[in-house]
Amino acid sequence: MATHDVLINDSALRSHPEGVAIALQLPWYRSLWLSAVQSVDVSVDGDRVAPERLSLELAGGRHPVAELPDRWDVLWFVGDHPLLVIEQEEASPVGASHRIELSVVLRLPYMQIAPGTPEGPGTYVPNHVTVDQELIVRDSASTGTPSDGTFSVTDRAGAEQSGPAEPAATGELPFGLGLTLYSATAELVAGQLDLDSTLQRVADLGIGPGIEIVASQTLRSYPDVTESFVERWRRSFDRYGFTATSFGANLDMGRRNDRDMTLDEEYDFTRRLFDGAHRLGFPLVRIQSAKPELLRRLLPLAEELELKMAYEIHAPHGPDSEPILRVREVYEELDSPLLGFVADFSSTMRRMAPTLLGTMGRMGLDSAALDRLQEIWATDEPIQVRQEEFLGYLRSRGIDPATLGPFARLAFNMQGHVDVEAWQEIMPQIMHVHAKFYDIDEDGQEPAIDYPRLVRIFADGGFRGWFSSEWEGHAFADLGQVDSLELVRRQHDLIRRSVHAR
């Protein structure tokens, strides 16, 4: 199952002194506060478990499920597999079989649909994940918490290394080439990779030297950076010859359920992220908010830390979309060379990604519904209008949008169809590129994104920053279906070919 859908695996049911427990995987690509968990509903062998008999064991703490919406200060790190404890009159023995029906609803605290008011919090994108599966109780001793997703337990600093692989033909490009480690999300969330093993594989494949991170996915101490992490990060970068490019800083406006963050809280949260980016050697922070009052307060801090602030232009918006025009007006007012944009190629797609359509088909949409989805996607209506039109279509067909998890909305949020020429107008302000892609076909092309045209526009337009490959197919592809980092290598080949194709 794709990252957004996975709650458990086949060995998730574990013995527990108080009854039985389920090892959970966070069904999202980045760490979330426990307050993001809005509800948990469990049935065992057809009998619904009373909420007061459910609790979550995470990082040495025990949290009643009913109280999770108030735990805005506890982080569920992507590499953690906490235990959902189900209290029973008698503990289930190892080897027993149970049918588990599990439903979890998340509220994504940085993906705001509508801001809050003095009377209450804003509206945020939900993620509803359900499971109905027969599982066998495993010994609790085999639960082995996956690696913490930061660095492996074994410190390889003293191990003999052959040196970083030469990033093939990077010197032939007019811009730098690398990747965001977000590309390996599925493997990181499942515990198949941690940061150390990911960096080693990046070096082996020669797909550096530029390294970008999503802070909330990489830092167990998010939003802070510990000194021990800084030391090991620097040692690893020295070993492989990597360059830090962009530090992705989300802003969890909806961290609390009773209200949105205040401006002071937004500043403090972002300040901690800026400090961490500086200490890790990043020259640029991808910012999520461009509120004028917040930028005015952050600009002196950015000047002190010598950090560029780049607001991401991401689907469904483009450089001339109304929200981005407002950001450009703020930039013009502040007139600072530290303010710019991250260009995300999800904004300028020529069709919907085949992997997304395939996933939604497996989730129950027939060909007529998929055709209608693509027709609505291709119109020029505002995103909210297109989303509501599609949701209305689903309901008219008797299809519950909740069965598609977040995809009924994210299909529009994640993929835009602005003309690629639009990037030229703001090229001097583009500081970094998210070279988003979903597929590489048998001909070495990205079927949904016109890479030859995009690459030439940026090369000819004078862009000299970093192209950071961002494979987002993990949102749709099942774990193990593809090799994410090998796909990045193939995309790098496409980018190089596109530079020289005339």
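All figures in this text were calculated on a predicted structure; none of them were measured in a lab.

Caption draft 1: Structural view of the nonpolar core. Counting residues in each nonpolar core, the largest one holds 165 residues, and the members touching the most others are Leu102, Phe247, Phe390, Phe458 and Phe467. Leave out the neighbours within four places in its chain, and phenylalanine 390 touches Met360, Leu365, Ala369, Leu373, Ile376, Leu404, Ala408 and Phe412.

Caption draft 2: Geometry of helix 9 (residues 367–377). Listed in full, the buried residues belonging to helix 9 are Ala369, Leu370, Leu373, Ile376 and Trp377. Taken down its axis, helix 9 places every buried residue within 125° of arc, on the same side. On its buried face, helix 9 sits against helix 8 (354–362), helix 10 (383–396) and helix 11 (407–413).

Caption draft 3: Representation of the pairing of strand 12 (residues 176–180) within the structure. Counting buried residues along strand 12, 5 of its 5 residues qualify, which places the element largely inside the surrounding structure. Alignment of strand 12 against strand 19 (residues 466–471), held across 4 bridges, turns out to be parallel. Bridging from a neighbouring strand, glycine 176 pairs with tryptophan 466 of strand 19. As paired elements, strand 12 and strand 13 (residues 210–214) share 3 bridges and run parallel to each other. Residue pairing in the sheet places threonine 180 in a bridge with glutamate 212 of strand 13.

Caption draft 4: Spotlight on the confidence of the model for the chain. Across the chain, the average pLDDT comes to 91, with 93% of residues at 70 or higher. Long-range and interchain partners of residues 143–170, a stretch whose pLDDT sits below 50, account for 62 contacts in this model, where long-range means more than four residues apart.

Caption draft 5: Region of interest: the sheet that holds strand 11 (residues 123–136). Pairing in this open sheet of 4 strands is antiparallel, and the strands run 5-4-10-11 from one edge to the other. Each of the sheet's edge strands pairs with one partner strand only, and the pair in question is strand 5 (47–48) and strand 11. Two elements, strand 4 (residues 37–44) and strand 5, share 2 bridges in a ladder whose sense is antiparallel. If you follow valine 44 over to strand 5, its bridge partner there is aspartate 47.

Caption draft 6: Focus on the pattern of salt bridges. Under the criterion given, the structure shown has 37 salt bridges. Aspartate 268 is the partner of arginine 271 in a salt bridge, and the nearest nitrogen-oxygen pair spans 2.6 Å. Here arginine 271 pairs with aspartate 268, and both are found in helix 5 (residues 263–279), just 3 residues apart, close to one helical turn. We classify arginine 271 as partly exposed; its relative accessible area is 32%. Take aspartate 268: its relative accessible area is 29%, and that puts it in the partly exposed class. Note that aspartate 366 is salt-bridged to arginine 397, the shortest N-O span being 2.5 Å. Taken together, the positions of aspartate 366 in the loop between helix 8 and helix 9 and arginine 397 in the loop between helix 10 and helix 11 put the pair 31 residues apart, joining distant regions of the chain. Residue arginine 397 is classed as partly exposed on the basis of its relative accessible area of 36%. Where salt bridges share partners, they join Glu18, Glu57, Arg62 and Glu87 into one cluster.

Caption draft 7: Broad picture of the environment of aspartate 252. Tracing the sequence through the fold places aspartate 252 in the loop between strand 14 (243–248) and helix 5. With 140 residues separating them along the chain, aspartate 252 and glutamine 112 place their C-alpha atoms 9.2 Å apart. If sequence neighbours within four positions are ignored, aspartate 252 has contacts with Arg30, Trp33, Pro109, Tyr110, Tyr222, Met261 and Phe269.

Caption draft 8: Examining the packing of aromatic side chains more closely. As enumerated under the stated definition, the model contains 25 aromatic pairs in all. Residues tryptophan 233 and phenylalanine 282 carry aromatic rings whose centres are separated by 5.7 Å and whose planes lie at 35° to one another, so their mutual orientation is tilted. Here phenylalanine 282 lies in the loop between helix 5 and strand 15 (284–287) and tryptophan 233 lies in helix 4 (residues 227–240), a separation of 49 residues in the sequence. For the pair formed by tryptophan 233 and phenylalanine 282, the shared burial category is buried.

Caption draft 9: Structural view of helix 10. For helix 10, built from 14 residues, the straight-helix expectation of 20 Å at 1.5 Å per residue is met to within 8% by its first-to-last C-alpha distance of 20 Å. Along helix 10, the residues classified as buried are Ile383, Arg386, Gln387, Phe390, Leu391, Tyr393 and Leu394. On an axial view of helix 10, the arc spanned by its buried residues comes to 155°, and they lie on one face. Facing away from the buried side of helix 10 by more than 90 degrees, the exposed set consists of Gln384, Arg395 and Ser396. In this fold, the buried residues of helix 10 make contact with helix 8, helix 9 and helix 11. Two residues or fewer past helix 10, glycine 398 is found with a positive phi of approximately 75°.

Caption draft 10: Broad picture of the pairing of strand 15. Every second residue of strand 15 is oriented toward a common face, with Leu284 and Arg286 on one face and Val285 and Ile287 on the other, all of them buried. Pairing between strand 14 and strand 15: 2 bridges, direction parallel. The residue of strand 15 that forms the bridge with phenylalanine 247 is valine 285. Note that the unit made of strand 14, helix 5 and strand 15 has a crossover that is right-handed. Here strand 15 pairs with strand 16 (residues 308–313) via 4 bridges, running parallel. Following the sheet pairing, isoleucine 287 is matched in strand 16 by tyrosine 311. In the classification by handedness, the crossover that spans strand 15, the intervening helix 6 (residues 292–305) and the parallel strand 16 is right-handed.

Caption draft 11: Up close: the sheet that holds strand 2 (residues 19–23). What the 5 strands build is an open sheet, ordered 1-2-9-6-7; its pairing is antiparallel. Lying at the two open borders of the sheet, with one neighbouring strand each, are strand 1 (13–16) and strand 7 (61–64). The average undirected angle you get between the axes of adjacent strands in this sheet is 30°. Sheet analysis places strand 1 next to strand 2, joined by 4 bridges and oriented antiparallel.

Cut-offs applied
Residues numbered from 1 in each chain as written. Predicted model: local features only at pLDDT ≥ 70, side-chain atom pairs only at ≥ 80, totals over all residues. Heavy atoms only, no water. Core = buried A, V, L, I, M, F, W, Y, C linked by side-chain atoms within 4.5 Å. Buried < 20%, exposed > 50% of the residue type's maximum accessible area, 1.4 Å probe, protein only. Contact = heavy atoms within 4.5 Å. Helix = DSSP H or I, 4+ residues; strand = E, 2+ residues; numbered from the N terminus. Arc of directions from axis to C-beta. Pairing = 2+ DSSP bridges. pLDDT = per-residue confidence, 0-100. Salt bridge = Lys/Arg side-chain N within 4 Å of Asp/Glu carboxyl O. Phe/Tyr/Trp six-rings, centres within 6.5 Å; stacked < 30°, edge-to-face > 60°. Expected span 1.5 Å × (residues − 1). Right-handed = clockwise from strand over helix to strand, strands pointing away. Axes fitted to C-alpha atoms, helices over the stretch in contact; angles between N-to-C directions.

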